[in-house]
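Now for the letters of each chain:
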Amino acid sequence: MKTGKRIALALAAAVFTSGLLAGCSGASGSANSAAPAGSAASDGGEQAAYTLKVAVGIPQSHKDIGAKFKEVVESRTNGQIQVNVFADNSLGADREVLEATQIGDIDITLSNVAPLAATYSDLYLFDAPFLFETREKAFEILDGEIGQEIAKGLESKNLKILSYPENGFRNMTANREIHTPADMSGLKIRVMENNIQLATWKALGANPTPMAFNEVFTALQQGTIDAQENPVELIYNNKLNEVQSYLIMTKHMYNPLVLAMNLEKFNSLPDEFQQIVLDAAREATEYERTTAPQYEQQALDAIAKDATTQIIELTPEETAQFQQAVQSVNDIVRNEMEHPELFDRTLELLQEE
């Protein structure tokens, strides 16, 4: 890369970093001490023509994506693309790996959409509370025209969105029993730092408190905060249920992931290999979308068996009270997005079904 172009990307990364939010992945690690999750040797011991450095997180469903992507790419390129998968946030948490992917130090990353939203505001669409009733409805939006328009827009940030895997519905844990918004009064809940999430929990009567994810367990244990919200698999993997009395299945937000590749690295591949990478991302996402709900159910079963945390399933009437309480947040979503018409189109598509 020419020096001038490298400097420009470095400056862009500085702007990108300042706008990024703290994601909901676990603590970051050192890239120097990281080890790939699997062997990357090409078939027959031949030297690969290209190498892809891929960063994924802690949940098993995230590792499934990395493993499947590696398998498909290396097989269909006959080892001419070597894929090194770094799991367990060993290259950093969402914020760090997204920045590294943007400047090309990492080739591909799997990340929550939240850290990207401050830089690419149309992704605030997925912070809208109670937008999707089912995974399948979310998939239709993500895999359809709206998801593709958002992906195209992210190319201005030097990122190529390969696919949208799933992180699952977000639910809350608390130190008190919750059935309606009235039960939320004064509840100090940890949230990611963005205006939509802050407005959502304020509308529900809680006291939202932005906090780095790696501080959440201790804060819950010490009573600094009363509650938090995340997908079930992440809650269980990080043992947050062990310091909370209740898991309330609010399903207040569907949380997609992005499998994002450095755009220049993608464009540097021959056309044939570009298509293989896209196909591998699609197949890995389809596979993960089947395994993620299974891991979620396994986590729920384990939490129920442990009996430390009571699982509360809201009735349709109780859920309706939560939905009604956050209606005003839709206007904030529109105001945050660069193209609010995407939000309105999403609502129209969901109402047609």
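Under an unreviewed UniProt entry, the name given to the chain is DctP family TRAP transporter solute-binding subunit, and the source organism is Anaerotruncus colihominis.

I keep staring at the overall build of the chain and nothing clicks. Help me out?
Counting its secondary structure elements, the chain contains 14 helices and ten strands. Here the chain, with 353 residues, has 56% of them falling under the buried criterion. Here the chain has roughly 14700 Å² of accessible surface; of this, 46% comes from carbon and sulfur atoms.

Just to check I follow, could you spell out the pattern of salt bridges for this structure?
A side chain of one charge can pair with a side chain of the opposite charge if their charged atoms are brought near each other. Within this structure, the stated rule accounts for 20 salt bridges. One salt bridge connects arginine 135 with glutamate 166, and the closest N-O pair in it is separated by 2.8 Å. Residue arginine 135 is located in helix 5 (residues 135-143), and its partner glutamate 166 is located in strand 5 (residues 166-174); the two are separated by 31 residues in the primary sequence. The class of arginine 135 is buried, set by a relative accessible area of 15%.

Is there a simple way to explain the packing of aromatic side chains in this structure?
The geometry of an aromatic ring pair is captured by the separation of the ring centres together with the interplanar angle, meaning the angle of the planes. For the structure on display, the rule yields five aromatic pairs. With a centroid separation of 6.0 Å and an interplanar angle of 85°, the aromatic rings of tyrosine 50 and phenylalanine 273 are classed as edge-to-face. Taken together, the residues span a long stretch of sequence, with tyrosine 50 in strand 1 (residues 50-55) and phenylalanine 273 in helix 11 (residues 271-306) at a distance of 223 residues. Between phenylalanine 132 and tyrosine 254 the ring centres are 6.2 Å apart and the planes differ by 85°, which places this aromatic pair in the edge-to-face class. One end of the pair, phenylalanine 132, is in the loop between helix 4 (114-117) and helix 5; the other, tyrosine 254, is in strand 9 (residues 246-262), and 122 residues separate them in sequence.

Explain empty space enclosed by the protein to me, please; I cannot follow it from the model alone.
Counting across every chain of the model gives three cavities of 30 Å³ or more. The computed volume of the second largest cavity comes to approximately 70 Å³. In this structure, the second largest cavity is lined by 13 residues; those nearest its centre are Glu166, Asn167, Gly168, Glu233 and Ala292. Sorting the residues of the lining of the second largest cavity by element identifies helix 2 (60-76), strand 5, helix 9 (232-237) and helix 11 as the ones contributing at least two each. The residue makeup of the lining of the second largest cavity, split by class, is four nonpolar, four polar and five charged.

Sorry if this is basic, but what is going on with the packing of helix 6 (residues 145-154) against helix 14 (residues 341-352) here?
How two helices pack is summed up by the angle between their axes together with the distance between the axes. Where helix 6 meets helix 14, the axes come as close as 10 Å, and the angle between the chain directions of the two elements is 160°. As far as their axial angle goes, helix 14 and helix 6 are roughly antiparallel. Every pair of crossing elements has a handedness; the one defined by helix 6 and helix 14 is left-handed. Contacts between helix 6 and helix 14 pair Glu145, Ile146, Glu149 and Ile150 from the former with Leu342, Arg345, Thr346 and Leu349 from the latter. Here the contact of helix 6 with helix 14 is composed, by residue class, of four nonpolar, one polar and three charged.

I keep staring at the nonpolar core and nothing clicks. Help me out?
General note: in soluble globular proteins, nonpolar side chains tend to be found buried as a group. Formed by 55 residues in total, the largest nonpolar core has its most connected members in Leu123, Ile150, Met172 and Met184. Counting 25 residues, the second largest nonpolar core, distinct from the first, contains Phe69, Val85, Ala87 and Leu162.

Help me out: how do you make sense of helix 11 in this one?
Because each turn of an α-helix spans 3.6 residues, side chains separated by three or four positions in sequence point in the same direction. If you check helix 11, its first and last C-alpha atoms are 51 Å apart, about what 36 residues at 1.5 Å a residue would give, namely 52 Å. When the local axis directions of helix 11 are compared, the greatest deviation, roughly 25°, occurs at arginine 289, which is followed within four positions by the proline proline 293. Alanine 307, located one to two residues past helix 11, shows a positive phi value of around 65°.

Is there a simple way to explain the environment of phenylalanine 213 in this structure?
Tracing the sequence through the fold places phenylalanine 213 in the loop between strand 7 (207-210) and helix 8 (216-222). Residue class for phenylalanine 213 comes out buried when judged on its relative accessible area of 7%. Measuring from C-alpha to C-alpha, the distance between phenylalanine 213 and glutamine 228 comes to 9.8 Å, with 15 residues separating the pair along the chain.

When you look at helix 12 (residues 316-325) in this model, what are you seeing that I'm missing?
Those residues of helix 12 not exposed but buried are Glu318, Thr319 and Phe322. Projected down its long axis, helix 12 carries its buried residues within an arc of 100°, all on one side. Facing away from the buried side of helix 12 by over 90 degrees, the exposed positions are Pro316, Glu317 and Gln324. Elements that come into contact with the buried residues of helix 12 comprise strand 10 (310-313).

Explanation requested: the packing of helix 2 against helix 11 in the structure shown.
Here helix 2 crosses helix 11 at 150°, and the two axes come no closer than 8 Å. Taken together, the axes of helix 2 and helix 11 are roughly antiparallel relative to one another. Where helix 2 crosses over helix 11, the two elements pack in a sense that is right-handed. On helix 11, the residues that touch Gln60, Ser61, Asp64, Ile65, Lys68, Phe69, Val72, Val73 and Arg76 of helix 2 are Ile276, Val277, Asp279, Ala280, Ala281, Glu283, Ala284, Tyr287, Glu288, Thr291, Ala292 and Tyr295. For the contact of helix 2 with helix 11, the class distribution of residues is twelve nonpolar, three polar and six charged.

How should the side chain of histidine 252 be read in this particular structure?
By secondary structure assignment, the location of histidine 252 is in strand 9. Residues contacting histidine 252, with those up to four places away along its chain left out, are Ala128, Pro129, Phe130, Arg170, Asn171, Met172, Trp201 and Glu229.

Looking at this structure, how should I read the pairing of strand 4 (residues 159-163)?
Regular strands place side chains that alternate from one sheet face to the opposite one. Burial analysis of strand 4 places five of its five residues in the buried class, which makes it a mostly covered element. Relative to strand 9, strand 4 runs antiparallel, the two sharing four bridges. By the bridge assignment for strand 9, serine 163 is matched with leucine 259.

Parameters at a glance
Residues numbered from 1 in each chain as written. Predicted model: local features only at pLDDT ≥ 70, side-chain atom pairs only at ≥ 80, totals over all residues. Heavy atoms only, no water. Helix = DSSP H or I, 4+ residues; strand = E, 2+ residues; numbered from the N terminus. Buried < 20%, exposed > 50% of the residue type's maximum accessible area, 1.4 Å probe, protein only. Areas by Shrake-Rupley, 256 points an atom, 1.4 Å probe, with all protein chains shown as cover. Salt bridge = Lys/Arg side-chain N within 4 Å of Asp/Glu carboxyl O. Phe/Tyr/Trp six-rings, centres within 6.5 Å; stacked < 30°, edge-to-face > 60°. 1 Å grid on protein atoms, 1.4 Å probe; cavity = no way out; pocket = protein on both sides within 12 Å on 5 of 7 lines; lining within 4 Å. Points joined across faces, edges and corners; volume = space filled by probe spheres on them. Nonpolar A, V, L, I, M, F, W, Y, C, P; charged D, E, K, R; others polar. Axes fitted to C-alpha atoms, helices over the stretch in contact; angles between N-to-C directions. Parallel < 35°, antiparallel > 145°, perpendicular 65-115°, else oblique. Left-handed = near helix turned anticlockwise from the far one by under 90°. Contact = heavy atoms within 4.5 Å. Core = buried A, V, L, I, M, F, W, Y, C linked by side-chain atoms within 4.5 Å. Expected span 1.5 Å × (residues − 1). Bend = angle between axes of the 7 residues up to and from the residue. Arc of directions from axis to C-beta. Pairing = 2+ DSSP bridges.

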